[in-house]
Amino acid sequence: MTRGNPCQLPGMLPNYDPNDSEAGMKILEDLTENVEQIQQRVLEEIITRNARTDYLKGFLDGQFDKQVFKKTVPVVNYEDIKPYIERIANGDSSNIISAEPIIELLTSSGTSGGQPKMMPSTAEDLHRKTFFYNLLVPVMNKYVDGLDEGKAMYLLFVKPETKTPSGLMARPVLTSYYKSNNFKNRPFNRFNVYTSPDETILCSDSKQSMYCQLLCGLVQRQEVLRVGAVFASAFLRAIKFLEHNWKELCSNIRTGHVSDWITDPGCRKVVSLVLNKPKPELADLIEHECNSKSWEGIIKKLWPRTKYIEVIVTGSMAQYVSTLEYYSGGLPLVSTMYASSECYFGINFKPLSKPWDVSYTLIPNMAYFEFLPVKKKNEDGAQYVQCNGVCKENCMEKETEKEDVETVELVDVKLGQYYELVVTTFTGLYRYRVGDILMVTGFHNKAPQFRFVHRRNVVLSVDTDKTSEEDLLKAVTKAKVIVESLGILLIEYTSYADTSSIPGHYVLFWEITSKGNNHLPVLDHKIMEQCCSTVEESLDSVYRRCRRKDNSIGPLEIRVVQHGTFDALMDFCVSQGSSVNQYKTPRCIKSGEAINILDSRVVARFFSQKAPFWEPV
């Protein structure tokens, strides 16, 4: 590949030895120098391949021109393309949306009608993801030396999957990748050697998988140079699991035998090989560290050669930064990539930057990228304001979007401006609104860099769940019916994601009163616990899976507050700049001060006593 004239066609991915970091960086430099040319060729190839699909031919009428594509093909949401994807799930040909055969459907953490969205995927797409993953290593090697002198303790897990009526698998994007031959038969990469054998990663029993991966990581502690998981929440669950199970893990290490309850045959075999023989001195050392009164800095104590923790700490995962810092012992927190079920987007070219400074450079041969300008104003007309104290970070109070606004191409975005990401992929998504709001923070060569600001319409998230204000309102409305039958009125409510413990959980603040008077009613524990469960049962499939199957979300809590509490919240918001005339109660709060105002007025607390129903669909 030569600077200014990439020899690889978009869609044809450059081949290089992932052990050759210099070659990897050369590819990244060429990709980011030739953004405009690559983006145009990506779009040309996508149109050329797919112009005769049922979806596109209705708009293009046999034409292959970019301007016709942008003029006639609409910018869409998931609901617009859902019927096409459901037809494929039910047995129709891939040619409805893709000239390439769709081999599986990737379930996203966003939902539609209470169920995970399904995104099309092709065999070529797996190669594109492999190419993307291989480019992460050269970037890390630029900033951290010696990563080929040890191993990575990455805690990776598969999630439940199901078959559609057509026989296609429907599963999360990472489960798809870990189960693919691209992962299982990957070439040796001396910079990416894991302590976890593949059999432990691919174990469908999450508890056995977690136990075995931690056991292998502890046995190989002196070889571990970096630790991590995909999301910050998953890594912290592993730490909590270690807190509860370190004695048994030490017993296994001391005796050289894995616990009898590990029944997965693949796990038993590979873990027994890693254990190899009794290691009483190692067990004593781990026991000494884990038996400490404080687990502050425990990562560095148990894995002393660790150089950094690799987890996503942007977006909703930012709420876990302080907890990670407590356990880390001063290790850098590294977010390497920005990706979703729809597409893999960008790489963090400065991986050692602080979590709040992380920006991602979009890689131009991954997809064709467009951007919807997002203008946000407060009620007084100021374009950019802090969010009246109800959000943790600077964000915009009101988001106004014009559906007919023209998109901006990747090379035309402006520094400091906010945009919603729109993608056209090789797998059958055309001008699809991803729902992510990004801000342009700079450029690497000619490639823009973006900070993830927030997910459109999401108010609550603990793990991979994404609950919108509308979903929350529907769930609360169903629970409200229960108390109304007893003569109790729900006056106001708000919520927040409590991540002070692991796993985190949803908290609802309710101000209630008796019908006909202004007194706080006597509350029946069973009735209020039923309200908690009703809210959980009414939330979407991803929430219920996290709660029941993954155990990555704790029981939902309702905190009843005294009369006048929401007046006090309004007074606080007004003191932070809200207009009294246009104030409305925020349905989710992140400000520590606002939460303290509510917590100081709590008169009763209730928790859901059972996990909500969930099954793969």
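Calculation criteria
- Residues numbered from 1 in each chain as written.
- Predicted model: local features only at pLDDT ≥ 70, side-chain atom pairs only at ≥ 80, totals over all residues.
- Heavy atoms only, no water.
- Pairing = 2+ DSSP bridges.
- Helix = DSSP H or I, 4+ residues; strand = E, 2+ residues; numbered from the N terminus.
- Axes fitted to C-alpha atoms, helices over the stretch in contact; angles between N-to-C directions.
- Contact = heavy atoms within 4.5 Å.
- Domains from an automatic or database assignment.
- Buried area = accessible area lost by both parts, 1.4 Å probe.
- Salt bridge = Lys/Arg side-chain N within 4 Å of Asp/Glu carboxyl O.
- Polar contact = N/O pair within 3.5 Å; in protein donor to acceptor, adjacent residues only side chain to side chain.
- Nonpolar A, V, L, I, M, F, W, Y, C, P; charged D, E, K, R; others polar.
- Buried < 20%, exposed > 50% of the residue type's maximum accessible area, 1.4 Å probe, protein only.
- Phe/Tyr/Trp six-rings, centres within 6.5 Å; stacked < 30°, edge-to-face > 60°.
- Core = buried A, V, L, I, M, F, W, Y, C linked by side-chain atoms within 4.5 Å.

Caption draft 1: Examining the sheet that holds strand β21 (residues 488–498) more closely. If you trace the 4 strands from one edge of the open sheet to the other, you get β21-β22-β23-β24, paired in mixed fashion. Each edge of the open sheet is held by one strand with a lone partner, namely β21 and β24 (602–607). Each neighbouring strand pair of the sheet contributes to a mean axis angle of 25 degrees, computed without reference to strand direction. Across the sheet, helix α16 (residues 469–484) lies against β21 and β22 (505–514), angled at about 140 degrees from β21, the strand it touches most.

Caption draft 2: Molecular detail of the domain arrangement of the chain. Segmenting the chain into domains produces domain 1 (13–144 + 339–377 + 407–456), domain 2 (145–306) and domain 3 (459–607). Distance from the C-alpha centre of domain 1 to the C-alpha centre of domain 3: 36 Å. On the side of domain 3, 7 residues touch domain 1, which itself brings 8 residues to the contact. Buried area between domain 1 and domain 3, both sides added, is near 540 Å², and the carbon and sulfur share of it is 56%. For the pair domain 1 and domain 3, the number of links is 0 salt bridges. Along the contact surface separating domain 1 from domain 3 lie 0 residue pairs in polar contact (both at pLDDT 80 or more). The set of elements that each furnish at least two residues to the side of domain 1 that touches domain 3 consists of β1 (102–112) and β2 (115–122). Split into classes, the residues belonging to the side of domain 1 that touches domain 3 amount to 1 nonpolar, 6 polar and 1 charged.

Caption draft 3: Just the sheet that holds strand β6 (residues 224–231), in detail. Ordered by their spatial adjacency, 4 strands build an open sheet running β3-β6-β7-β8, and the pairing between neighbours is parallel. The sheet is open, and its two edges are formed by β3 (151–155) and β8 (333–334), each paired on a single side. When strand β7 (residues 308–312) meets β8, the two strands line up parallel, connected through 2 bridges. Paired with I309 across the two strands is L333, which belongs to β8. Set on the sheet, helix α11 (residues 232–255) makes contact with β3, β6 and β7; between it and β6 the angle comes to about 120 degrees.

Caption draft 4: Inspection of unusual backbone geometry at higher detail. Between I502 and P503 the backbone carries a cis peptide bond, its omega angle lying at -5 degrees. Here P503 lies in the loop between β21 and β22. Although it is not a glycine, N457 adopts a positive phi angle of roughly 75 degrees. Its location among the elements puts N457 in the loop between β18 (447–455) and β19 (458–460). Positioned with a positive phi, N551 is a non-glycine residue whose angle comes to about 55 degrees.

Caption draft 5: Spatial organisation of the pattern of salt bridges. One pass over the full model with this rule turns up 34 salt bridges. A salt bridge links E124 to R49; the shortest N-O distance between them is 3.0 Å. Of this pair, E124 sits in helix α6 (residues 123–143) while R49 sits in helix α2 (residues 35–50); the two residues are 75 residues apart in sequence, bridging distant segments of the chain. A relative accessible area of 21% places R49 in the partly exposed class. A salt bridge links E409 to K66; the nearest nitrogen and oxygen atoms lie 2.6 Å apart. Of this pair, E409 sits in strand β15 (residues 408–409) while K66 sits in helix α4 (residues 66–72), placing them 343 residues apart in sequence. For the pair E409 and K66, one class covers both residues: buried.

Caption draft 6: Fine view of the packing of aromatic side chains. Summed over the entire model, instances satisfying the criterion amount to 19 aromatic pairs. For the pair Y338 and F345, a centre-to-centre distance of 4.7 Å together with 45 degrees between the ring planes defines the contact as tilted. The buried category is assigned to F345, whose relative accessible area is 0%. Taking 5.6 Å as the distance between ring centres and 35 degrees as the angle between the ring planes, the aromatic pair formed by Y338 and Y360 counts as tilted. Note that Y338 is positioned in strand β9 (residues 337–339) and Y360 in strand β11 (residues 360–362), a separation of 22 residues in sequence. Among the residues examined, Y338 registers a relative accessible area of 7% and is labelled buried.

Caption draft 7: Looking closely at the nonpolar core. The biggest cluster of nonpolar side chains holds 90 residues, and the ones touching the most others in it are F345, I347, L362, F369, F371, L421 and Y432. Looking at which element gives the most residues to this core, the answer is α6, with 9 residues. Sequence-distant contacts of F371, that is, excluding residues within four places in its chain, are made with L362, E406, T407, V408, E409, L410, V413, Y419, E420, L421, L438 and F450. Counting 87 residues, the second largest nonpolar core, distinct from the first, contains L282, V311, L333 and V560.

Caption draft 8: Spotlight on helix α18 (residues 541–550). Taken across its 10 residues, α18 has 8 buried, putting it largely inside the fold. Residues of α18 that are buried include every one of S541, V542, Y543, R544, R545, C546, R547 and D550, and no others. Sitting at the head of α18, D540 places a side-chain oxygen 3.0 Å from the backbone nitrogen of V542. Positioned one or two residues after α18, N551 has a phi angle of 55 degrees, which is positive.

Caption draft 9: Broad picture of the pairing of strand β23 (residues 557–561). For β23, the tally of buried residues reaches 5 of 5 residues, placing the bulk of the element in the interior. A two-sided burial pattern is seen for β23, the buried positions comprising E557, R559 and V561 on one face and I558 and V560 on the other. In terms of strand pairing, β22 meets β23 through 5 bridges, oriented parallel. Along β23, the bridge assignment pairs L508 with I558. Inspection of the sheet shows β23 paired to β24 by 5 bridges, in the antiparallel sense. The residue of β24 that forms the bridge with I558 is F606.

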